[in-house]
Amino acid sequence: MSCRTVERQCSNDDCETVYWGDRTLCNSCRQSDRICPDCETEFRGRTTRCGPCWWAQIPVDVRAAISRASGNAYRARKLAAQVAGPVPAAEYERIRAEGPCVYCGAAATEVDHVRPLSTHGGWEHPSNLVPACRTCNASKGDRLLTEWDQARVFHAVRVSEKVAVEYECQRLGLLTDSPKKVAQIHELAH
C-alpha cells in the first residue's frame, strides 16, 4: 500500500464521496463513457476495452489460472468463515426459495452473504444468508450494507430481520465477528 494512500474527498465539485486512495478523483468520477476498439460496444469504465473483450485477449491458460485462483480463494474464505461446519447445499436452496430478493423484490436466483465473507469478516452461517437476485448480489459484491445502494438496503431492512439487525450493527459501528454476537445484540434490541 502506498504511503500516499489516505482518506480523501473527491476533488470533483459535483461529488462529495469520501474514499481511501492516492488519486484525486474517486473511482466513479474516474470512469468515462468509452467505445471498445474490438467490438465497438459502448461501456462506462476506466479501461480501453470492455470487460468481455479484455477477458478474451488474455491467453486461455492464464484465464484458467485466474479462474482457479479466484475459486480457490473464495473456497478458502468460505471454509475459514464456517461457524458450525459447512452450510449444506439444501440449506442454501431453502434460503434461496424463501421468497423474492430481499433487496429489490425480484425473483431470487442466488443467496447473498449479508456481511461479506471476503473483506468484512462475514461468516458462513444461515443467519448471514438471504435470498437475492443476481443483479443485486453482483451489485452489492463485497460491500457492507452501509456502503451500498441505500434504496435497496432500506427495502431489505423492511422485509428481512437478518438484514435489519446487520444494518443496525454496521450503522452503530458494531462490526461483529460471529453470529452469536449478532444474536445477543438482536435479543438486546427486542
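Let me sum up the structure you'll find in this document. (Residues numbered from 1 in each chain as written. Predicted model: local features only at pLDDT ≥ 70, side-chain atom pairs only at ≥ 80, totals over all residues. Heavy atoms only, no water.)

1. Some details on the pattern of salt bridges
The condition that has to hold: Here, a salt bridge means any Lys or Arg side-chain nitrogen found within 4 Å of an Asp or Glu carboxyl oxygen. Think of it this way: any DSSP run of H or I at least four residues long counts as a helix, any run of E at least two long counts as a strand, and we number them from the N terminus.
On inspection of all chains with the given rule, the structure shows 11 salt bridges. Between Glu91 and Arg94 there is a salt bridge; the shortest N-O distance is 2.6 Å. Of this pair, Glu91 and Arg94 both sit in helix H4 (residues 89–97), three residues apart, which is roughly one turn of the helix. One network of salt bridges, with partners in common, ties together Glu91, Arg94 and Glu98.

2. Notes on the state of the cysteines
Let me state the cut-off plainly: In what follows, a disulfide is any cysteine sulfur pair within 2.5 Å. Burial classes follow relative accessibility: with a 1.4 Å probe on protein chains only, a residue under 20% of its type's maximum area counts as buried, one over 50% as exposed, and anything between as partly exposed.
Tallying each qualifying case throughout the model produces zero disulfides. Free of any disulfide, Cys29 has its nearest cysteine sulfur in Cys26, 3.6 Å distant. A residue is classified by how much of its surface remains accessible, and Cys29, at 25% relative accessible area, is partly exposed. The thiol sulfur of Cys50 is not disulfide-bonded, and the nearest other cysteine sulfur, from Cys53, lies at 3.5 Å. For Cys50, a relative accessible area of 7% translates into the label buried.

3. Considerations on the pairing of strand S2 (residues 18–21)
Here is the rule: Two strands pair if DSSP finds at least two bridges between them.
What you see with S2 is a clean split: Tyr19 and Gly21 sit on the buried side and Val18 and Trp20 on the side with no burial. Here four bridges tie strand S1 (residues 6–9) to S2, and the two strands are oriented antiparallel to one another. Its bridge partner being in S2, Gln9 is matched across the sheet by Val18.

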